[in-house]
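Each chain, letter by letter, is given below.
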Amino acid sequence: MKLVALACAACSAAIILWYLVRRPPLGRLTKVLLLGGLGLLPMVVALTGNIAGYEYTLSRPFCGSCHVMGPYVRDAEDPKSQSLAAIHSRNHRFGEQSCYVCHADYKIFGAVTTKLNGMRHLYRYISEYAGTGPDGEGGPTIRLYKPFTNDKCMQCHSTAAKKYVETHGDQLEQIRAGELSCIDCHNEVHPTALSRRPVAKKAEARP
Amino acid sequence: MRHSQVKKLVFLSGIATLVAVGLMALSIVSPKPIYLVVAMSIGQALGTASLALFLLAIVLDLQGAASREASSEGAIEAHRESVNETKPAP
């Protein structure tokens, strides 16, 4: 996909540069060539670039490209870590997309709302976290925009499975209804996150 | 005048497309969040605008060609009429 996009971009640039340098008369052949260089090829670049870009935005390296996500991504990629993020990242079903799979909204327009929130992340990153230390220690504590809902866990963990029913028997209905959150008990999600460090907790306790 | 306008429009369209394609290629080669956002917004808006400029240039060029053709046909017709008038009646 990337190769197709780059090849089309190169062809389009070559046609345009040829026109700009040579300045041939606008005959039929020149117009057809320019329609390819100015219209069709850039459209292919935009389309394939969008797909390649969208796919890359689902990956963990993309999430980790903002320095404030460093502690989260380092923990998720640590083969010795026993945090939920690391365990799920080691699962081949998540692969490189472990951040997105657990944090994306699980609804019909989930991908759209998730990407809109991504734009919000970018705005807040630029306005609040730029130049706040290697892991963003100097910035405000990172929080989710809304509570982490159980449906994200239930994408894979069925609440009807026998083992699940046996171990969660008392709270089963509460969990299914979303009254009790999975991460209330399974709370070792991102143990190295800045918000879990003592300094951040002290700052939070201050009025 | 119209022909030079058409050439200018195509030139502008070419420059805008080069910038747009460059931004989109940059986001593919180096997919950082800011590059991706710039490519998907500014890059694509520039690309669309440049295609619109090119199509406008083509329409203007075709209109110019049609009017040139009409004026040359008119001139030929006028010339024929003047030749007929000067001919002595048989």
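Residues numbered from 1 in each chain as written. Chains lettered and ligands numbered in written order. Predicted model: local features only at pLDDT ≥ 70, side-chain atom pairs only at ≥ 80, totals over all residues.

A look at the nonpolar core
Core analysis: the largest hydrophobic core is formed by 31 residues, its most contacted members being A:A9, A:V45, B:V21, B:M24 and B:F54. Contributions of two or more residues to this core are made by α1 (2-22) and α2 (28-57) of chain A together with α1 (2-29) and α2 (33-86) of chain B. Looking at this core element by element, the count peaks at 11 residues for α1(B). When sequence neighbours within four positions are dropped, the list of residues in contact with B:M24 reads A:A9, A:V45, A:A46, A:G49, B:A39 and B:G43. (Core = buried A, V, L, I, M, F, W, Y, C linked by C-beta atoms within 7 Å. Buried ≥ 20, exposed ≤ 12 C-beta atoms within 10 Å, placed from the backbone. Helix = DSSP H or I, 4+ residues; strand = E, 2+ residues; numbered from the N terminus. Contact = placed C-beta atoms within 7 Å.)

So, the interface of chain A and chain B
On the chain B side, the residues contacting the 27 residues of chain A number 27 residues. Taken together, the elements giving at least two residues each to the side of chain A that touches chain B come down to α1 and α2 of chain A. Counting residues per element, the side of chain A that touches chain B draws most heavily on α2(A), at 13 residues. Residues that form the side of chain A that touches chain B fall into these classes: 18 nonpolar, seven polar and two charged. (Nonpolar A, V, L, I, M, F, W, Y, C, P; charged D, E, K, R; others polar.)

A closer look at the confidence of the model for chain B
For chain B, the mean per-residue pLDDT works out to 84, and 92% of the residues sit at or above 70. Taken together, the chains of this predicted complex give a pTM of 0.74 and an interface ipTM of 0.75. (pLDDT = per-residue confidence, 0-100.)

Focus: α2(A)
Residues and elements named next belong to chain A. Between its first and last C-alpha atoms α2 spans 42 Å; for 30 residues at 1.5 Å apiece the expected length is 44 Å, and the two agree. If you look at α2, its biggest bend is around 35 degrees, right at G36. Among the residues of α2, L34, G37, L38, L41, P42, V45, A46, T48, G49, A52 and G53 are the ones counted as buried. (Expected span 1.5 Å × (residues − 1). Bend = angle between axes of the 7 residues up to and from the residue.)

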